[in-house]
Amino acid sequence: MRAVRTTLLSVALVLMGAVSAFAQQTGTVTGQVTDASTGQPLIGVQMQVAGTNIGGLTDQNGRYLVTRVPAGEQTIRAVLIGYAQATETVA
């Protein structure tokens, strides 16, 4: 299996202001996934916040945007058939 390297360009788990006292704080994680050996961007990589159903796919430039990420430290998982799974912890 080839390795996947996740390069979190603007790892920003940005906490949004709560609308009310009951609103859950969430943020956004963005970055790029590339092939570790060639540096080429990987298209269609499934990005997921571990333990949730929150995620998205990388675009033609290997970039992704995951919204509604719960506040606090989270593990982001990158999965693409034919490559080793990669994870990155963001806070």
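Here the structure is a predicted model, which means the values were calculated and not measured. (Residues numbered from 1 in each chain as written. Predicted model: local features only at pLDDT ≥ 70, side-chain atom pairs only at ≥ 80, totals over all residues. Heavy atoms only, no water.)

A word on the environment of I81. Within the element layout of this structure, I81 appears in the loop between β6 (74-79) and β7 (86-90). Distance in space between the C-alpha atoms of I81 and V45 is 8.5 Å, their sequence separation being 36 residues. (Helix = DSSP H or I, 4+ residues; strand = E, 2+ residues; numbered from the N terminus.)

Moving on, we come to the sheet that holds β6. Strand order in this open sheet of 4 strands is β4-β3-β6-β7, and the pairing throughout is antiparallel. Each of the sheet's edge strands pairs with one partner strand only, and the pair in question is β4 (55-57) and β7. The sheet shows a mean angle of 20° between the axes of neighbouring strands, taken without regard to direction. Here β6 runs beside β7; their pairing, made up of 5 bridges, is antiparallel. Opposite T75, over in β7, you have T89 as the bridge partner. (Pairing = 2+ DSSP bridges. Axes fitted to C-alpha atoms, helices over the stretch in contact; angles between N-to-C directions.)

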